Structure formats: C-alpha cells, structure tokens
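# Commentary on secondary and tertiary structure
Letter by letter, the chains look like this.
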Amino acid sequence: LTISNSSPLEASLQKYAKDYTWEYALQKGDILVFNNQRMLHGRRSFHSIGNAKRHLIGCYTDAMDTISRYRQLLRKQKRQQLYHHRSGGGDHYGKRNPGNGSRWII
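Procedures and definitions
- Residues numbered from 1 in each chain as written.
- Predicted model: local features only at pLDDT ≥ 70, side-chain atom pairs only at ≥ 80, totals over all residues.
- Heavy atoms only, no water.
- Helix = DSSP H or I, 4+ residues; strand = E, 2+ residues; numbered from the N terminus.
- Buried < 20%, exposed > 50% of the residue type's maximum accessible area, 1.4 Å probe, protein only.
- Contact = heavy atoms within 4.5 Å.
- Areas by Shrake-Rupley, 256 points an atom, 1.4 Å probe, with all protein chains shown as cover.
- Salt bridge = Lys/Arg side-chain N within 4 Å of Asp/Glu carboxyl O.
- Patch = residues over 30% accessible without salt bridge, like charges linked within 9 Å, V, L, I, M, F, W, Y side chains within 5 Å.
- Lys, Arg positive; Asp, Glu negative; His and termini not counted.
- Charge placed at Lys NZ, Arg CZ, Asp CG, Glu CD.
- pLDDT = per-residue confidence, 0-100.
- Phe/Tyr/Trp six-rings, centres within 6.5 Å; stacked < 30°, edge-to-face > 60°.

## Details of the overall build of the protein
Regarding its fold elements, the protein presents two helices and two strands. The order of helices and strands in the protein, counted from the N terminus, is α-α-β-β. Considering the protein as a whole, with its 106 residues, one finds that 6% of them fall into the buried category. Here the analysis covers contacts within the protein between residues at least 6 apart in sequence; of these, 5% occur between residues at least 24 apart. For the protein, the accessible area works out to roughly 10800 Å², and carbon and sulfur atoms hold 54% of it.

Here is the structure:
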C-alpha cells in the first residue's frame, strides 16, 4: 500500500482526523485531564499577547490509584450530602447519636 499526496487513504485519514479532533482553548484556572495511553494529543503554536506566557505543567499518575481516589471522593461527597439532608441543613454534617453520643447518624 503506497500513500501519495492524492491517495484515497490519505484523504480518508485527513477526513477522519478532521471529524474526530477536539480543540479547546484553556482559560486561566482550567485543567485538562486525560488518559495519556488512550488519547493522541498535541498543542498548537502559542502567540503571546503582551507579556503573557504559555505555562504548562504535566504530571503523571497511576490510573488505578486515580480511579480509586476519585471513587473515595464521590463516596465522601454523597455521605456529606446525606448528612446535610438528614440534619435539616445547616453548616454541619449529620447529628450526634442521641444514645451514647459516640457515633454519627448517617
């Protein structure tokens, strides 16, 4: 299979790339998280306006650790919402067990 500038394969690949490319301009405070092993990614050139500078920070994490922590945070958030709901609102979470006071009622 040979690829030339006018080959149907190249035209098909270019159309695919155009149809499945997502582009977004991050704003101050935005964060973008993605699976580095499942997404082909890149950046366009950056043209400075005034004294603005491009500031990129990359970090890597183990996927299973990240998913586990995410699930823990979701469970905590749901518990806090439940505490808030059952306690009748307010700025506190839950209420003391009226029995011996050593446990929180969920």
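## A word on the pattern of salt bridges
The final tally for this structure, using the stated rule, is two salt bridges. One salt bridge in this structure joins lysine 15 and aspartate 19, with 2.6 Å as the shortest N-O distance. You can see lysine 15 and its partner aspartate 19 sitting in helix H1 (residues 8-19), four residues apart, about one turn around the helix. Exposure remark for lysine 15: the relative accessible area of 52% places this residue in the exposed category. Residue arginine 44 is joined to glutamate 23 by a salt bridge in which the shortest nitrogen-to-oxygen separation is 3.0 Å. Remark: glutamate 23 occurs in the loop between H1 and helix H2 (63-86) and arginine 44 occurs in the loop between H1 and H2; sequence separation between them is 21 residues. Each member of the pair, arginine 44 together with glutamate 23, is exposed.

## Details of a positive patch on the surface
On the surface, Arg69, Arg71, Arg75, Lys76 and Arg79 cluster together into a positively charged patch. Checked against the element boundaries, arginine 75 lands in helix H2. You can call arginine 75 partly exposed: its relative accessible area is 47%.

## What about the confidence of the model for the protein?
On average, residues of the protein score 75 in pLDDT, and 74% of them are at 70 or above. Within the protein, the lowest mean pLDDT, 46, falls on strand E2 (residues 104-105), and the highest, 90, falls on H1. Segment residues 100-106: pLDDT under 50, and 18 contacts once partners within four positions in sequence are set aside and those in other chains are kept.

## Describing a nonpolar patch on the surface
Together, Trp22, Tyr24, Leu26, Leu32, Phe34 and Met39 line one region of the surface with nonpolar side chains, adding up to about 640 Å² of accessible area. Here leucine 26 shows up in the loop between H1 and H2.

## Observations concerning the packing of aromatic side chains
Scanning the entire structure with this criterion turns up two aromatic pairs. Taken together, a centroid distance of 4.6 Å and an interplanar angle of 35° make the contact between tyrosine 16 and tyrosine 20 tilted. Grouping residues by exposure puts tyrosine 16 and tyrosine 20 together as exposed.

## A word on the side chain of serine 7
The residue serine 7 is located in the segment before H1 in this model. The exposure class of serine 7 is buried, given its relative accessible area of 8%.

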